[in-house]
Amino acid sequence: MSNNEKKWFSLNLNSKHKVENAGSCGCGKTSGGCGGSSSHTPQNMHQISDADFDAAVEAEIENTQKKDGFEQVFEVKMDRRSAFKKLAASLAIGAGAVSTSCSVIAGDESKEKSQIDWEEQFKGNYKLMSDEEKSATVDRLVRSYQLRTGKTLSMSSKNVEKDVLFGYAFNISKCQGYMDCVSACVEENNQDRNSQMEYIRIHEMKDGKGFNFNEADDNYYHEVPAEGHFYMGTQCFHCDNPPCVDVCPVKATWREDDGLVVIDYDWCVGCRYCMAACPYDGRRFNWSKPEVPEAEVNKNQHYLGNRMRKKGVMEKCTFCVQRSRAGKNPACVEACPTGARIFGNLLDPNSTIRWVLENKKVFRLKEDLGTEPKFWYFMD
Amino acid sequence: MKNTYNIIYSLLSIFLFAGIFSSCKHEEGEYHSVNDKIEAESKNYQGISISSEAHIGDIKTIEITEGEHTFLIPERKSKIKSYACTECHTKPLDKMQSKDIKKAHWNINLNHANENIMNCTTCHDGKHMDNLISITGKSIDFNTSYNLCNQCHTKQFEDWKGGAHGKRIGGWAPPRASMTCVNCHNPHKPHFESRWPARYNTQKLIERE
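All values derive from a computational prediction rather than experimental measurement.

Undergrad: Before we move on, could you go through the overall build of chain B and cite the residues and values that matter?
TA: From N to C terminus, chain B includes eight helices and four strands. When the 209 residues of chain B are sorted by exposure, 16% land in the buried category. Counting only contacts in chain B whose residues sit at least 6 apart along the sequence, the fraction spanning at least 24 positions is 51%.

And the structure:
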């Protein structure tokens, strides 16, 4: 709490600054538990005196008046009562972290783990973070994964590139329903293997019936292409005017400047309003704890993309943000054996996606809704 | 008194006009449709720093220019197992075809158009086996075999040049590298086989039952 610029609460476990009013562990040592040469006695650390608590509440009010993530999002002024409530809640959640981090026997690692947990618990909305804060949270998540599993992963917080607007075109006369895209998507995006939730749906439709989603079969299992049928895929269309973003009560989802509609999984409260608002059924919800076998985890991750999710949050196609922002094609585009999927930069007049939009007869789904999806269909 | 009414009237009309004109005006950076946005924002396109070059991998590529499109395609000759053909085909084809010589290429079954239209020598030059041959007898290099295909498949060729047919290699950003015809289609059997889908949602099947 000594650093007022931070948008999350900090225990200052590893800080060298002397904290005057901290109601938590404030021994100020850089490593090892409290105690030892410290003047504090470890037993006292579990109990916070009334005076200390009052001081912490005061500090809290002061802190939040200097605009933190909460305030920036909700635009509420913090009064003494809510500050008290918040602090009490923080202590309840952080109690485990505090007690482990302050005990003499706890090692450096578990202390670091709880420090990470604490900072992650109270970090701000990713959308509002500065670049340093973004890389800090990414570093914490990488370190946390390392501490928990002993394995390293690379997580990116790469921002939007100027002059890029991602767009997608789908050739319905080429798609044969092979489902290689779905397979690649599940593996690339670390999707839950048990619930078999998939971002992409391939609909098998009868020739001559047009786009009839009521009669379409999207769970076929027979040799494809089936006689008298055609195939088309749907996923998140990354609308330029996304209704899912408008309805989110906590602003956990937003449209980035390169057109990607993304979710901060740590900010999402799982109300599923966005799922209801999406006219294309593009959003998915984690009903159960998403599980990916350790060996199959894709370790090339992005904060807004395929990092591990938790139960009860929304997720969806991000045009593989971890790949697309690095100049690669999304996994589905790469996996498609028929070349039905085309991806590119809509602002580059020489891009292949622009050629498709300008030279083929393209259309979008439910164009009249004004959602402006950046996902076009076309035929040969 | 009349004067004040006049002033009020004129003020009101000014506000009304201002209202009419400003209500249809979008704020800067707002567009009626995404197509307007694309058109407006790509006018000053400066290029991007992202490159897909690293994602092409160690595929050997050659640069081609067709019409207004210039892009990379994979090099072909080094990928053909028994190239150069002249290592075996030392004599022209008609001199090699005799009863006592061992049969070769028995595994190739031409399943492309019908017999009236195509046989081996429609594409392969019987006299210079290292090259392909056009319908009019012009030599075509194996690396640019798309020139052979586009004699008949003109529509696909146009789409391929623009990027609507075929697949990109690596990524979406420049430089563009695209698969050429023979990277996806076996020229002797160009259609796609029907097969089982790569995956299947067992959960949904249970739910439906």
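Undergrad: Please set out helix α2 (residues 34-41) of chain B residue by residue, giving values where relevant.
TA: Of all the positions in α2 of chain B, only Val34, Lys37 and Ile38 of chain B are classed as buried. One face of α2 of chain B carries all of its buried residues, which in axial projection span an arc of 100°.

Undergrad: Give a description of the packing of helix α5 (residues 108-121) of chain A against helix α6 (residues 131-149) of chain A that names residues and reports values.
TA: All names here are of chain A. Running from N to C, α5 and α6 point in directions that differ by 140°, and their axes come no closer than 10 Å. Accordingly, the angle class assigned to the pair α5 and α6 is oblique. When the axes of α5 and α6 are compared, the crossing they make is left-handed. Of the residues in α6, those in contact with Glu109, Glu112, Lys113, Ile116, Glu119 and Glu120 of α5 are Arg140, Arg143, Ser144 and Leu147. In terms of residue class, the contact of α5 with α6 is built from two nonpolar, one polar and seven charged.

Undergrad: Any chance you could break down the pairing of strand β12 (residues 375-378) of chain A for me, citing the residues and the numbers?
TA: Residue and element names in this part refer to chain A. Here β12 shows a buried face lined by Phe375 and Tyr377 and a second buried face lined by Trp376 and Phe378. Across four bridges, strand β2 (residues 166-171) lies against β12 in parallel orientation. Looking across to β12, one finds that Ala169 is bridged to Trp376. Bridge count for strand β11 (residues 362-363) against β12 is two bridges, and the pairing is antiparallel. In the strand pairing of β12, Val362 is matched with Phe378.

Undergrad: How would you sum up the sheet that holds β12 of chain A? Please name residues and give values.
TA: Residues and elements named next belong to chain A. Taken together, the four strands give an open sheet; going across it, the order is β10-β2-β12-β11, and neighbouring strands pair in mixed fashion. Here the strands that pair on one side only, and so sit at the sheet edges, are β10 (341-345) and β11. On top of the sheet, helix α12 (residues 352-359) reaches β2, β10, β11 and β12; it is set at about 110° to β10, its chief contact.

Undergrad: So, the confidence of the model for chain A: which residues are in play, and what are the values?
TA: Fine structural detail should not be taken from predicted coordinates in areas where pLDDT scores are low. Residue and element names in this part refer to chain A. Of all residues in chain A, 72% have pLDDT values of 70 or greater, and the mean over the chain is 82. Throughout residues 18-46 the model reports pLDDT below 50, and contacts reaching past four residues in sequence, or to other chains, amount to 52 contacts. In the predicted structure, residues 67-77 sits below a pLDDT of 50 and forms 15 contacts with residues beyond four places in sequence or in another chain.

Undergrad: Let's hear about the pairing of β2 of chain A: which residues, and what values?
TA: Residue and element names in this part refer to chain A. Buried residues dominate β2, accounting for six of its six residues. The two faces of β2 match: Phe166, Tyr168 and Phe170 on one face and Gly167, Ala169 and Asn171 on the other face are all buried. Across five bridges, the pairing between β2 and β10 is antiparallel. Residue pairing in the sheet places Gly167 in a bridge with Gly344 of β10.

Undergrad: Can you explain the environment of Thr253 of chain A? Please cite residues and give values.
TA: All names here are of chain A. Within the secondary structure layout, Thr253 lies in strand β5 (residues 253-255). Sequence spacing of Thr253 and Glu358 is 105 residues, and the spatial spacing of their C-alpha atoms is 31 Å. Not counting chain neighbours up to four residues away, the residues in contact with Thr253 comprise Cys244, Val245, Cys248, Val261, Val262, Ile263 and Cys274.

Undergrad: Which residues make up the interface of chain B and chain A, and what are the values?
TA: Taken residue by residue, the interface counts 42 residues in chain B and 41 residues in chain A. Broken down by secondary-structure element, the contributors of at least two residues to the side of chain B that touches chain A are α2, α6 (154-162) and α8 (202-208) of chain B. It is α8 of chain B that provides the largest number of residues to the side of chain B that touches chain A, a total of five residues. A breakdown of the residues in the side of chain B that touches chain A according to their chemical character gives 15 nonpolar, 17 polar and 10 charged.

Undergrad: Give me the nonpolar core: which residues, what numbers.
TA: Looking at soluble globular proteins, one finds that nonpolar side chains tend to be buried together. Ranked by size, the top nonpolar core spans 72 residues in total, and within it Ala169, Cys181, Cys185, Ile200, Cys332 and Val356 of chain A carry the most contacts. With five residues, helix α7 (residues 180-188) of chain A is the single largest residue contributor to this core.

Undergrad: Outline unusual backbone geometry, listing residues and values.
TA: The peptide bond linking Val224 of chain A to Pro225 of chain A adopts the cis configuration, its omega dihedral lying at 0°. Between Pro174 of chain B and the following residue, Pro175 of chain B, the backbone shows a cis peptide bond with an omega angle of 0°. Relative to the helices and strands, Pro175 of chain B is located in the loop between α6 and α7 (181-184). The phi dihedral of Phe319 of chain A falls on the positive side, at around 50°, and the residue is not glycine. Mapping Phe319 of chain A onto the fold places it in the loop between β9 (314-316) and α10 (321-324). By C-beta crowding, Phe319 of chain A is classed as buried, having 28 other C-beta atoms within 10 Å.

Undergrad: Could you give an account of the environment of Arg193 of chain A, naming the residues involved and the relevant values?
TA: All names here are of chain A. Along the chain, Arg193 falls in the loop between α7 and β3 (201-206). Note: C-alpha distance between Arg193 and Pro293 (100 residues apart in sequence) is 8.2 Å. Excluding its chain neighbours within four sequence positions, the residues that come into contact with Arg193 are Glu291, Val292 and Pro293.

Undergrad: Describe α5 of chain A, naming the residues involved and giving the relevant values.
TA: Residues and elements named next belong to chain A. For α5, which comprises 14 residues, the first-to-last C-alpha distance of 20 Å matches the rise-based estimate of 20 Å (1.5 Å per residue) to within 8%. Residues Lys111, Ser114, Gln115, Trp118 and Glu119 constitute the buried set of α5. All buried residues of α5 project into a common sector of 135° when viewed along the axis, lining one side.

Here is what the cut-offs are and how they apply
- Residues numbered from 1 in each chain as written.
- Chains lettered and ligands numbered in written order.
- Predicted model: local features only at pLDDT ≥ 70, side-chain atom pairs only at ≥ 80, totals over all residues.
- Helix = DSSP H or I, 4+ residues; strand = E, 2+ residues; numbered from the N terminus.
- Buried ≥ 20, exposed ≤ 12 C-beta atoms within 10 Å, placed from the backbone.
- Contact = placed C-beta atoms within 7 Å.
- Arc of directions from axis to C-beta.
- Axes fitted to C-alpha atoms, helices over the stretch in contact; angles between N-to-C directions.
- Parallel < 35°, antiparallel > 145°, perpendicular 65-115°, else oblique.
- Left-handed = near helix turned anticlockwise from the far one by under 90°.
- Nonpolar A, V, L, I, M, F, W, Y, C, P; charged D, E, K, R; others polar.
- Pairing = 2+ DSSP bridges.
- pLDDT = per-residue confidence, 0-100.
- Core = buried A, V, L, I, M, F, W, Y, C linked by C-beta atoms within 7 Å.
- Expected span 1.5 Å × (residues − 1).

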